[in-house]
Amino acid sequence: MTVAGILKYLSFQLWLTGKSVIDLVAPTECVGCGRLGTKLCQECLGEVIGGINLQSGLAGTIDTIPLIYAGSYEGVIRRTMVAAKHADDFPSDRYLSVLTRALAERIWEEIDLPKSLLIVPAPSSKKRIESGRYVAGQIAIGVGKELMEIAGVYRRNLVIQVVEALGFVSDGGTQAELSGIERRTNRESQIQARTFFSNETQIILVDDVTATGATLKACVKALETKGAKVIGILVGAISPMSISQT
Ligand SMILES: [Zn+2]
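Reading the values: rules and limits
- Residues numbered from 1 in each chain as written.
- Predicted model: local features only at pLDDT ≥ 70, side-chain atom pairs only at ≥ 80, totals over all residues.
- Heavy atoms only, no water.
- Helix = DSSP H or I, 4+ residues; strand = E, 2+ residues; numbered from the N terminus.
- Buried < 20%, exposed > 50% of the residue type's maximum accessible area, 1.4 Å probe, protein only.
- Contact = heavy atoms within 4.5 Å.
- Areas by Shrake-Rupley, 256 points an atom, 1.4 Å probe, with all protein chains shown as cover.
- Donors = N, O, S within 2.8 Å, 3.2 Å for Na, K, Ca; no water.
- Axes fitted to C-alpha atoms, helices over the stretch in contact; angles between N-to-C directions.
- Parallel < 35°, antiparallel > 145°, perpendicular 65-115°, else oblique.
- Left-handed = near helix turned anticlockwise from the far one by under 90°.
- Nonpolar A, V, L, I, M, F, W, Y, C, P; charged D, E, K, R; others polar.
- Salt bridge = Lys/Arg side-chain N within 4 Å of Asp/Glu carboxyl O.
- Expected span 1.5 Å × (residues − 1).

1. Considering the overall build of the protein chain
Stage number 1. The helix and strand inventory of the protein chain stands at nine helices and eight strands.
Stage number 2. Each of the 246 residues in the protein chain was classed as buried or not, and the buried ones make up 48%.
Stage number 3. Intrachain contacts of the protein chain at a sequence separation of at least 6 include 72% that bridge at least 24 residues.
Stage number 4. With the model as given, the accessible surface of the protein chain reaches about 12700 Å², and the carbon-plus-sulfur share is 54%.

2. A word on the coordination of the zinc ion
Stage number 1. Bound to the zinc ion on the protein side are Cys30 (SG), Cys33 (SG), Cys41 (SG) and Cys44 (SG), at distances that span 2.3 Å.
Stage number 2. Taken in sequence order, the residues that donate to the zinc ion follow the motif C-x2-C-x7-C-x2-C.
Stage number 3. Relative accessible area serves as the criterion here: at 2%, Cys30 is assigned to the buried category.
Stage number 4. Judged by relative accessible area, which is 45%, Cys33 ranks as partly exposed.

3. Quick word on the packing of helix 4 (residues 93-110) against helix 6 (residues 135-153)
Stage number 1. Put simply, helix 4 and helix 6 touch, their axes get as near as 8 Å, and they point 55° apart. By the criterion of interaxial angle, the relationship of helix 4 to helix 6 is oblique. Along this stretch, helix 4 crosses helix 6, giving a crossing that reads as right-handed. Contact residues: Leu96, Ser97, Leu99, Thr100, Arg101, Leu103, Ala104, Glu105, Ile107 and Trp108 in helix 4; Val135, Gln138, Ile139, Gly142, Val143, Glu146, Leu147, Glu149, Ile150 and Ala151 in helix 6.
Stage number 2. Each residue belonging to the contact of helix 4 with helix 6 can be placed in one class, and the counts come to twelve nonpolar, four polar and four charged.

4. Regarding the pattern of salt bridges
Side-chain pairs of opposite charge can arise whenever the charged atoms involved come near each other.
Stage number 1. Applying the stated criterion to the full structure yields eight salt bridges.
Stage number 2. The shortest N-O distance in the salt bridge between Glu43 and Arg35 comes to 2.5 Å.
Stage number 3. Residue class for Glu43 comes out partly exposed when judged on its relative accessible area of 47%.
Stage number 4. Under the relative-accessibility criterion, Arg35 is labelled partly exposed at 43%.

5. A short note on the side chain of Ser239
Stage number 1. Tracing the backbone through its elements, the reader meets Ser239 in the loop between strand 8 (229-238) and helix 9 (240-245).
Stage number 2. A residue is classified by how much of its surface remains accessible, and Ser239, at 15% relative accessible area, is buried.
Stage number 3. Every residue in contact with Ser239, bar those within four places of it in the chain, is listed here: Tyr73, Thr210 and Ala211.

6. Some remarks on helix 4
Stage number 1. For helix 4, built from 18 residues, the straight-helix expectation of 26 Å at 1.5 Å per residue is met to within 8% by its first-to-last C-alpha distance of 25 Å.
Stage number 2. Every buried residue of helix 4 is accounted for by Tyr95, Leu96, Val98, Leu99, Thr100, Ala102, Leu103, Ala104, Arg106, Ile107 and Trp108.

This is how it looks when you write it as structure tokens:
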């Protein structure tokens, strides 16, 4: 392990569990409960699945666009999502497959899908993609596959494409002297669509987690400025406060 690798691992472990460095001699522990010998134990996986199945639904709207979520960003779901995003060796596939299935089912129920649909993940900076996983992208691909399967069951003709159509105007830059809020606002104002769309283009926007919806709003604005219509927004997990507000 390189020094950078060790530091990343350390900061992840500390952030995740708040435990001391001494615990790192036994690195394989469940992200949900801390049980040794597994990255996600059966009980916690069951809790994640149960939580997603119980909670997924419509959280309200963002700029009149339906916002659909799979789980509440707390407890085991929160810790699992953090691990899926930041732990290189975390087996996120099982978790993400449950999550994408729930999202696809909900969107099938809630939204009248057009014959041709683009699924677009919220952007992630190059730095983030390199240092972790691009979970929004993984969810977008998973939802696309699940929707095709559901459409097959109902014998409906759907053309779905997953397109990384959003990005940041510039990656990095000098944000060091800005406050947290300024930095975030700056980032949001830098989101742009990489292409123009024809007026008929209908889009489902996807992100892993949302709290205030500010990033999602910026994404919607970026897509609609270039001619697309966003018909639904999917998030893997939503902060509990956001659910109760809507
Ligand atoms: Zn566990």
